[in-house]
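Reading the structure
Here's the letter readout for the chains.
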Amino acid sequence: EVQLLESGGGLVEPGESLRLSCTASGFSFSTYAMSWVRQAPGKGLEWVSNIRGNGDDTYYADSVKGRFTISRDNSKNTLYLQLNSLRAEDTAVYYCAKGKPYYGDGGLGFDYWGQGALVTVSS
Amino acid sequence: DIQVTQSPSSLSASVGDRVTISCRASRTLLTYLNWYQQKPGKPPKLLIYAASRLQSGVPSRFSGSGSGTDFTLTISGLQPEDFATYYCQQAFISVLTFGGGTRVEI
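My aim in this report is to walk through the structure given alongside it, one point at a time. Everything numeric here is computed off the predicted structure, so don't read it as measured data. (Residues numbered from 1 in each chain as written. Chains lettered and ligands numbered in written order. Predicted model: local features only at pLDDT ≥ 70, side-chain atom pairs only at ≥ 80, totals over all residues. Heavy atoms only, no water.)

1. Looking at the overall build of chain A
Formally: The helix count covers DSSP runs of H or I at least four residues long, the strand count covers runs of E at least two residues long, and both are numbered beginning at the N terminus. When we talk radius of gyration, it's over C-alpha atoms, and the globule rule is simply 2.2 Å times the number of residues to the 0.38. The classification of residues rests on relative accessible area computed with a 1.4 Å probe and restricted to protein chains. Under 20% of the type maximum is buried, over 50% is exposed, and intermediate values are partly exposed. Any pair of residues with heavy atoms lying within 4.5 Å of one another is described as a contacting pair. Areas reported here follow the Shrake-Rupley algorithm with a probe of radius 1.4 Å; residue values treat only the protein chains shown as occluding.
Within chain A, the secondary structure is distributed over zero helices and 11 strands. Secondary structure elements in chain A, listed N-terminal to C-terminal, are β-β-β-β-β-β-β-β-β-β-β. Since a compact globule built from 123 residues should have a radius of gyration of about 14 Å, the 14 Å found for chain A is in line with a globular shape. Oriented by its inertia axes, the alpha-carbon framework of chain A measures out at about 45 × 25 × 25 Å. Within chain A, buried positions represent 48% of all 123 residues. Taking contacts inside chain A between residues at least 6 apart in sequence as the whole, the part at least 24 apart equals 53%. In the form shown here, chain A has an accessible surface area of approximately 5500 Å², with 44% of it arising from carbon and sulfur atoms.

Okay, structure coming up:
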């Protein structure tokens with residue numbers, strides 16, 4: 001059974017940093033791209049970042065580029081998101097999601113999701 | 001970046017109705033388009049990928065169609081458990097984007 005478990009959320013002040021972790025089990029972690037998707041309270045889904053299975057390629061939404069860093073440790077089956085220079089508008093539930101590739105490796109959906117980690121940025 | 005716009009933002013329907021939700025992209029996606037269902041307090045669930053392929057375990061009353069810039073999610077025979085918010089997501093480029101969502105209400 002595929003499981004994704006996020007941790008590391010919490011309350012921080014503007015300008016501070018936080019690191020989220022997502023521990024995966026039930027599948028060959030290093031084979032799949034992984035992503036972070038966030039959802040502000042009462043709002044829609046916003047894709048944040050992707051990382052390929054081997055960790056070589058990363059992609060970011062413009063809203064977080066230069067402030068957030070995605071990484072993975074395939075030996076630990078763990079995905080990370082380093083959040084720096086946090087702003088009030090980064091307040092959201094952050095989901096990690098397993099990539100479902102199609103058309104070879106050209107398309108990407110998300111077939112498994114964690115329950116989410118709440119990040120609150122407030123003074 | 002590619003923008004994806006869903007319509008309507010919300011709709012009211014009854015059990016048994018046929019419901020259609022649209023997703024329009026700012027440029028061609030070919031068929032790199034996915035659909036999700038989300039219920040309150042839960043993570044999203046993948047329904048359709050590659051515009052029309054049904055994800056394993058998803059009931060056949062859900063279907064997707066379209067290519068290029070215009071896509072449709074259809075629910076044929078709405079069930080009580082289908083009242084939720086639905087999102088499209090483009091996967092044509094590596095900088096991914098979600099639509100704003102469509103809330104399906106009773």
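2. A few points about the interface of chain B and chain A
Reports often express the size of an interface as the amount of accessible area lost when the parts come together. Put simply, the test is: Here the buried area means the combined drop in accessible surface, using a 1.4 Å probe, for two parts upon being joined, counting both sides. Criterion for a salt bridge: a side-chain nitrogen of Lys or Arg within 4 Å of a carboxyl oxygen of Asp or Glu. By the criterion applied in these results, polar contacts are pairs of N or O atoms within 3.5 Å in which, for protein atoms, one can donate a hydrogen and the other can accept it, and in which residues neighboring in sequence qualify only through two side-chain atoms. Amino acid classes used here: Ala, Val, Leu, Ile, Met, Phe, Trp, Tyr, Cys and Pro are nonpolar; Asp, Glu, Lys and Arg are charged; the rest, including Gly, are polar.
Across the contact, 22 residues belong to chain B and 25 residues belong to chain A. At the boundary of chain B with chain A, total buried surface from both sides reaches about 2000 Å², with 59% on carbon and sulfur atoms. Run the count over chain B and chain A and you get zero salt bridges. The tally of links from chain B across to chain A stands at eight residue pairs in polar contact (both at pLDDT 80 or more). Taken together, the residues that form the side of chain B that touches chain A break down as 13 nonpolar, six polar and three charged.

3. Things to note about the packing of aromatic side chains
Rules: Side-chain rings of Phe, Tyr and Trp (the six-membered ring for Trp) are treated as a pair once their centres are within 6.5 Å; stacked means planes under 30 degrees apart, edge-to-face means over 60, and tilted covers the remaining angles. Should the NZ of a Lys or the CZ of an Arg lie within 6 Å of a ring centre and within 35 degrees of the ring normal, that charge is described as sitting over the ring.
All chains considered together, the criterion is met by 14 aromatic pairs over all chains. On the numbers, 5.8 Å between centres and 85 degrees between planes, the contact of Phe110 of chain A with Trp113 of chain A is edge-to-face. Each member of the pair Phe110 of chain A and Trp113 of chain A is classed as buried. Pairwise contacts between aromatic rings join Tyr95, Phe110 and Trp113 of chain A together with Tyr36 and Phe98 of chain B into one cluster. Between Arg72 of chain A and the ring centre of Phe29 of chain A, over which it is positioned, the NZ or CZ distance is 4.3 Å.

4. Notes on the sheet that holds strand 8 (residues 70-76) of chain B
Residue and element names in this part refer to chain B. Where we set the bar: One requirement defines pairing of two strands: DSSP has to find at least two bridges between them. Angles run from 0 to 180 degrees between N-to-C directions of axes, and those axes are lines fitted to C-alpha atoms, restricted for helices to the stretch in contact.
Strand order in the open sheet formed by four strands is 1-3-8-7, with antiparallel pairing between adjacent strands. Strands at the two margins of the open sheet, each flanked by one partner only, are strand 1 (4-7) and strand 7 (62-67). Between one strand axis and the next, the sheet turns through 20 degrees on average, direction left out of account. Here strand 3 (residues 18-25) pairs with strand 8 via seven bridges, running antiparallel.

5. Looking at the state of the cysteines
All names here are of chain B. Stated formally: A pair of sulfur atoms, both from cysteines and within 2.5 Å, is called a disulfide here.
By the definition in use, this model includes two disulfides over all chains. Linked covalently through their sulfurs, Cys23 and Cys88 form a disulfide whose S-S length is 2.1 Å. Note on the Cys23 and Cys88 pair: the S-S dihedral is about 75 degrees, so by sign convention the disulfide is right-handed. Placement of Cys23 in strand 3 and of Cys88 in strand 9 (residues 85-90) is noted, with a sequence separation of 65 residues between them. Overall, Cys23 belongs to the buried group, its relative accessible area being 1%.

6. A closer look at the pairing of strand 4 (residues 33-38) of chain B
Consecutive side chains of a regular strand alternate in pointing toward one face of the sheet and then the other. Residue and element names in this part refer to chain B. In terms of burial, strand 4 is largely enclosed, as six of its six residues are buried. Neither face of strand 4 is exposed, since Leu33, Trp35 and Gln37 on one face and Asn34, Tyr36 and Gln38 on the opposite face are all buried. As paired elements, strand 4 and strand 9 share six bridges and run antiparallel to each other. When the sheet's bridge partners are listed, Tyr36 is paired in strand 9 with Tyr87. In this structure, strand 4 lies alongside strand 5 (residues 45-49), joined through three bridges in antiparallel fashion. Bridge pairing links Trp35 to Ile48 in strand 5.

7. Observations regarding unusual backbone geometry
All names here are of chain B. With an omega of -5 degrees, the peptide bond between Ser7 and Pro8 qualifies as cis. Looking at where Pro8 falls in the secondary structure, it is placed in the loop between strand 1 and strand 2 (10-12). You will see that Leu30, though not glycine, has its phi angle at about 50 degrees, which is positive. Here Leu30 lies in the loop between strand 3 and strand 4. Despite not being glycine, Ala51 has its phi angle at roughly 70 degrees, a positive value. Mapping Ala51 onto the fold places it in the loop between strand 5 and strand 6 (53-54).

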